[in-house]
Amino acid sequence: MRLLNRDDWYDIGRDLDWTLTYVDHAEAFPDSWSGNGVVPAAAWDAWDEPYRVTYHDYVSVQREKEGGAHAVREALKRANIFHKLDPAHTASSQMHMGTTCMVEQMAITMQSRFCRFAPTPRWRNLGVYGMLDEIRHTQLDMAFSHDLLKDDQSFDWCQKAFHSNEWAVIAIRNFFDDVMLNADCMEAAIATSLTVEHGFTNIQFVALAADAMEAGDIDFSNLLSSIQTDESRHAQCGFPAVEILMKHDPKRAQHIFDVSFWRSFRLFQTLTGISMDYYTPLHQRKMSFKEFMMEWVVTQHERTIRDVGLQKPWYWDEFLACLDHGHHAMQLGTWMYRPTLFWNPNAGVSRAERKWLNSKYPGWEDSWGVIWDEIIRNVNDGAAEKTVGATLPALCNVTHLPIGAHWDRHHVSKQMSVYKGRTYYFDSNVSKWIFDSNPERYAGSTNVVERFLAGQIQPMDLGGAVQWMGLTPDVMGDDAYKYRWAAEYKSPVPMAAE
Ligand SMILES: [Fe+2]
Ligand SMILES: [Fe+2]
């Protein structure tokens, strides 16, 4: 029997749809799930996926990818590569596993909603592949981490993190609950497919994969690259959805984009920013976080959003300023609150690293160097305990990140709003704008400080908070190099290094 060519049957297959007679269309595809809004039904005829895939092709390609990823995994398991890695780099992979694995799991649910509720059968059809992709990503993270459990209990947090109250995980969970699980299909297409997956995963998966390869962590690099090949494919489902919404409700599309771009950026800055500029060993760094962002997000994503008719977010200048500073603030904060982490953070401020930071970020010394100097003095005086934050920092009610951590230390401003008698605080005027534009959406959640003040954390000190976050002594963070890097500051700066 002769099989038809794919192009002869593809259009019929992807348009599999029928007129419902037993239920109303609005009941089967409620607006609250599809997010169709004012888009007329006929407009969906224009939805056209940028790539064509069939189940047969999909399975054979994915099978190859899985075979490749697991072959590398098995070979490296035997080579016992973990013990040869730089401890600063190890922190990157532990942070990635704990903060990303369950996001992949949440993405399965989001993609399955596309399968069921997306307003066109073409998108519903592609949602199946996206869902299978995300199952694979979750399982790869789990398999990788499981292999390393015997070497380091921090990898247990690959599965555990999202079931804990660890503060960084709360920030991530809050965002992805909002844009994956709480979002209708249209919103998820813009906030997740277009913004997170197309705009930002490159920086986590491409930049980090390059750094991991340089650091000799072939296993982690291989896992990241394998996942990214799926992300870059299924992220494209966002484009046709945005193009249709731009024709019928451009204001809504722009709003979803502006909100999700800021929130995604702040999280990626916190995670990838410190991984690239502080955890990657100096001689193995390929690009600074800012350089990567400028090339892969600012330039490329700027072109993409223009192509689909969106404008740059209104806060673009503030975003660029934040790009110079926010992750340095987060690095300082995470290192100072290291017992609240499930990895050992690297300070990354030896003299040579500091020189590199100043060359990439000219304002670094003025804003952050002076604070690190104080830390170094304490470490060298044998008082490392003074470098651990004793009280909790004020947190933003939208991003759940510390207030004062988005710009340099000269731009700490108090932003607040009162809604239904409760005062909400924000890390920036952008986060305040997000809240004010839809307060009901954000008003119900409480951040760690509010839970602390409500008496949910006992005893009411850092020890109580660490316990409440689920951190046990075997995984609780401490300086990656046990403060050895600070010793060189005991002697005066050599003339040649000035
Ligand atoms: Fe994924
Ligand atoms: Fe994805």
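Here's what I pulled together on the structure shown here. (Residues numbered from 1 in each chain as written. Chains lettered and ligands numbered in written order. Predicted model: local features only at pLDDT ≥ 70, side-chain atom pairs only at ≥ 80, totals over all residues.)

**Things to note about the overall build of the protein chain**
Looking only at helices and strands, one finds 20 helices and two strands in the protein chain. In terms of overall size, the protein chain behaves like a compact globule, its C-alpha atoms giving a radius of gyration of 24 Å where 498 residues would be expected to give roughly 23 Å. Projected onto its principal axes, the C-alpha positions of the protein chain cover 80 × 60 × 45 Å. Looking at the protein chain residue by residue over its 498 residues, the buried ones come to 45%. Considering only contacts within the protein chain whose residues lie at least 6 apart along the sequence, 79% involve residues at least 24 apart. (Helix = DSSP H or I, 4+ residues; strand = E, 2+ residues; numbered from the N terminus. Rg over C-alpha atoms; globule rule 2.2 N^0.38 Å. Buried ≥ 20, exposed ≤ 12 C-beta atoms within 10 Å, placed from the backbone. Contact = placed C-beta atoms within 7 Å.)

**Considering helix α13 (residues 289-307)**
With 19 residues, α13 should reach 27 Å at 1.5 Å per residue; the first-to-last C-alpha distance of 25 Å fits that figure. Largest kink in α13: about 30°, centred on His301. Among the residues of α13, Phe289, Lys290, Phe292, Met293, Val297 and Ile305 are the ones counted as buried. At its buried positions, α13 is contacted by α9 (185-214), α12 (250-279), α14 (316-336) and α15 (351-360). (Expected span 1.5 Å × (residues − 1). Bend = angle between axes of the 7 residues up to and from the residue.)

**Here's the deal with α9**
An α-helical turn contains 3.6 residues, so any two residues separated by three or four positions project in the same direction. Taken as a whole, α9 carries its principal kink of about 50° at Thr201. Counting buried residues in α9 gives 27 out of 30 residues, a clear majority hidden from the surface. After α9 finishes, the residue Gly216 shows a positive phi value of roughly 85°.

**Let's talk about the environment of Ala235**
Summarising the element assignment, Ala235 is placed in the loop between α10 (218-234) and α11 (238-248). Spatially, the C-alpha atoms of Ala235 and Thr192 are 8.0 Å apart, while their sequence positions differ by 43 residues. Beyond its immediate stretch of four places on either side in the chain, Ala235 contacts Ser193, Glu197 and His198.

**What about the pairing of strand β1 (residues 415-419)?**
Here β1 runs beside strand β2 (residues 422-426); their pairing, made up of five bridges, is antiparallel. In the sheet register, Tyr419 faces β2, and the bridge partner there is Arg422. Taking the residues that link successive antiparallel strands as the turn, the β1-β2 hairpin has two residues, and the phi of Lys420 there is positive, at about 50°. (Pairing = 2+ DSSP bridges.)

**Some details on the nonpolar core**
Formed by 127 residues in total, the largest nonpolar core has its most connected members in Ala189 and Ile190. Element by element, the count of residues in this core is highest for α9, at 16 residues. Ignoring anything within four residues of it in the chain, the contact list for Ile190 reads Thr195, Gly238, Val242, Ala253, Ile256, Phe257 and Ser260. (Core = buried A, V, L, I, M, F, W, Y, C linked by C-beta atoms within 7 Å.)

**Re the packing of helix α5 (residues 87-117) against α9**
For the pair α5 and α9, the least separation of the axes is 12 Å and the interaxial angle reads 150°. By the angle between their axes, α5 is roughly antiparallel relative to α9. The handedness of the crossing between α5 and α9 comes out as left-handed. Counting all contacts with α5, which are made through Ser92, His96, Met110, Arg113, Phe114 and Phe117, the residues of α9 involved are Cys185, Ala188, Thr192 and Leu208. (Axes fitted to C-alpha atoms, helices over the stretch in contact; angles between N-to-C directions. Parallel < 35°, antiparallel > 145°, perpendicular 65-115°, else oblique. Left-handed = near helix turned anticlockwise from the far one by under 90°.)

**Remarks on the environment of Ala347**
Topologically, Ala347 is positioned in the loop between α14 and α15. By C-beta crowding, Ala347 is classed as buried, having 24 other C-beta atoms within 10 Å. Expressed as a C-alpha distance, the spacing of Ala347 and Ala383, which sit 36 residues apart in the sequence, is 16 Å.

**Section: the environment of Ala189**
Relative to the assigned elements, Ala189 resides in helix α9. Look at Ala189 and you get buried, because 28 C-beta atoms sit within 10 Å. Setting aside anything within four residues of it in sequence, one finds Ala189 in contact with Leu194, Cys237, Gly238, Ala241 and Val242.

**With respect to the packing of α9 against α11**
For the pair α9 and α11, interaxial distance at closest approach is 9 Å and the crossing angle is 130°. In terms of orientation, α9 and α11 fall into the oblique class. α9 and α11 meet at a crossing whose hand is left-handed. Taken together, the residues of α11 that come into contact with α9 (itself represented by Met186, Ala189, Ile190, Ser193, Leu194 and His198) are Gly238, Phe239, Ala241, Val242 and Leu245. Here the contact of α9 with α11 is built from residues that sort into eight nonpolar, three polar and no charged. (Nonpolar A, V, L, I, M, F, W, Y, C, P; charged D, E, K, R; others polar.)

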